[in-house]
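# A closer look at the structure
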Amino acid sequence: MQLTQMGDRVVIVGGGDGRTAIAAAKQVGRNGSVTIFEGGDRSYMQIENLLASRGLSSTCSVHHAVVGPLIDVYGGDYEEALLLSPADLPECDILELDCEGSEIEILRHLCIHPRVIIVEIHPFLLPEEPGWVLNRLVELGYRIVCRSGHNGIEIDHEDCEQLLSRSRTYGGIMLKNGATTPVIVAAVLDQER
């Protein structure tokens, strides 16, 4: 399912190894933008170098920053990273949260209304029940349009609930259909609300 369009402004919280930034940059084209916030200094430098080597520095900007609480920052040291409030996230069309548990505080204090929110959910890192993220997205006026395991295998609502609840207890799990944790959900702003 393709939710990113040409010309979109994409914000990624938790840039990881930079793959999603590159994919987003290809989708948004020269008229779009991709802003990445990455807390780990090694990952930040890796993303910056990767974008430069691919000629994507004019479309993408990467910031050594943590958005929300410091829960599980990996990819290097975060001591020199900027600490940003979720209220400081810039306006965007697509918001991607791959932030190892910080998605709770980000969604709790979100001040922007992007067209699409994509969240990678790590239940064992969450202080809330695993279904909180999905319920919060609905409260914010979004409808869930896609659920998948980390490996991209699409799952239905029932399988999503199973992955979320079992992974809260057991960490990484795999369903019979091959879907693995963490769960990734995509939600689109419901225009009818």
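For the structure, check the block above.
Residues numbered from 1 in each chain as written. Predicted model: local features only at pLDDT ≥ 70, side-chain atom pairs only at ≥ 80, totals over all residues. Heavy atoms only, no water.

### Topic: the environment of C92
- By secondary structure assignment, the location of C92 is in the loop between β4 (82-84) and β5 (94-97).
- In this structure C92 comes out as buried when scored by relative accessible area, which is 3%.
- Sequence separation between C92 and T4 is 88 residues; the distance between their C-alpha atoms is 11 Å. (Helix = DSSP H or I, 4+ residues; strand = E, 2+ residues; numbered from the N terminus. Buried < 20%, exposed > 50% of the residue type's maximum accessible area, 1.4 Å probe, protein only.)

### Structural notes on the nonpolar core
- Judged by nonpolar contacts, the single largest core of 34 residues is most densely connected at V13, L89, L95, L107, V119 and L137.
- Considering each element in turn, this core owes the most residues, four residues, to helix α4 (residues 132-139).
- Every residue in contact with V13, bar those within four places of it in the chain, is listed here: F37, V67, L89, L95, E96, L97, D98, C99 and I106.
- By size, the runner-up hydrophobic cluster in this structure holds 21 residues, among which are V28, V34, I36 and V188. (Core = buried A, V, L, I, M, F, W, Y, C linked by side-chain atoms within 4.5 Å. Contact = heavy atoms within 4.5 Å.)

### Quick look at helix α1 (residues 19-28)
- Looking only at α1, the buried set comprises A21, I22, A24, A25 and V28. Relative to the axis of α1, the buried residues are bounded by an arc of 165° and lie together on one face. Exposed positions of α1 whose direction lies more than 90 degrees from the buried face are R19 and K26.
- Considering only its buried residues, α1 is in contact with β1 (9-13), β2 (33-38), α2 (41-53) and β3 (60-67).
- Remark: G29 follows α1 within two positions and exhibits a positive phi of approximately 70°. (Arc of directions from axis to C-beta.)

### Quick notes on a nonpolar patch on the surface
- Taken together, L70, Y78 and L83 make up a surface patch of nonpolar side chains, about 290 Å² in accessible area.
- Within the element layout of this structure, Y78 appears in the loop between β3 and β4.
- Y78 gets classed as partly exposed once you look at its relative accessible area, which sits at 34%. (Patch = residues over 30% accessible without salt bridge, like charges linked within 9 Å, V, L, I, M, F, W, Y side chains within 5 Å. Areas by Shrake-Rupley, 256 points an atom, 1.4 Å probe, with all protein chains shown as cover. Salt bridge = Lys/Arg side-chain N within 4 Å of Asp/Glu carboxyl O.)

### What about the layout of surface pockets?
- If you add up the space inside the largest pocket, you get close to 890 Å³.
- Taken together, 31 residues form the lining of the largest pocket, with T20, E96, I118, S148 and I184 sitting closest to its centre.
- Of all elements in the fold, only α1, β5, β6 (116-121), β7 (142-148) and β8 (183-189) reach the threshold of two or more residues within the lining of the largest pocket.
- Considering every element that reaches the lining of the largest pocket, the biggest residue donor is α1, with five residues. (1 Å grid on protein atoms, 1.4 Å probe; cavity = no way out; pocket = protein on both sides within 12 Å on 5 of 7 lines; lining within 4 Å. Points joined across faces, edges and corners; volume = space filled by probe spheres on them.)

### With respect to the pattern of salt bridges
- Counted by the stated rule, this structure contains five salt bridges.
- The closest approach of N and O atoms between R9 and D93, which form a salt bridge, is 3.3 Å. Here R9 is found in strand β1, whereas its partner D93 is found in the loop between β4 and β5, with 84 residues between them in sequence.
- Overall, the relative accessible area of 36% leaves R9 in the partly exposed class.
- Owing to a relative accessible area of 17%, D93 belongs among the buried residues under this scheme.

### Topic: unusual backbone geometry
- Between T181 and the following residue, P182, the backbone shows a cis peptide bond with an omega angle of 0°.
- Among the structural elements, P182 can be located in the loop between α5 (157-170) and β8.
- Residue E100 is not a glycine yet carries a positive backbone phi of 50°.
- Relative to the assigned elements, E100 resides in the loop between β5 and α3 (103-108).
- On the basis of relative accessible area, E100 is assigned to the buried category, the value being 8%.

### What to know about a negative patch on the surface
- Negative charge collects at one region of the surface, where D41, D77, E79 and E80 lie side by side.
- Taking relative accessible area as the criterion, E79 reaches 68% and is therefore assigned exposed. (Lys, Arg positive; Asp, Glu negative; His and termini not counted. Charge placed at Lys NZ, Arg CZ, Asp CG, Glu CD.)

### What about empty space enclosed by the protein?
- Here the structure, examined in full by the defined rule, presents one cavity of 30 Å³ or more.
- Lining the largest cavity are 20 residues, and of these G14, G39, V73, D98 and C99 lie nearest its centre.
- Counting residues per element, the ones that place at least two in the lining of the largest cavity are β2 and β3.
- Top contributing element to the lining of the largest cavity by residue count: β3, with three residues.
- Considering only residue class, the lining of the largest cavity consists of eleven nonpolar, five polar and four charged. (Nonpolar A, V, L, I, M, F, W, Y, C, P; charged D, E, K, R; others polar.)

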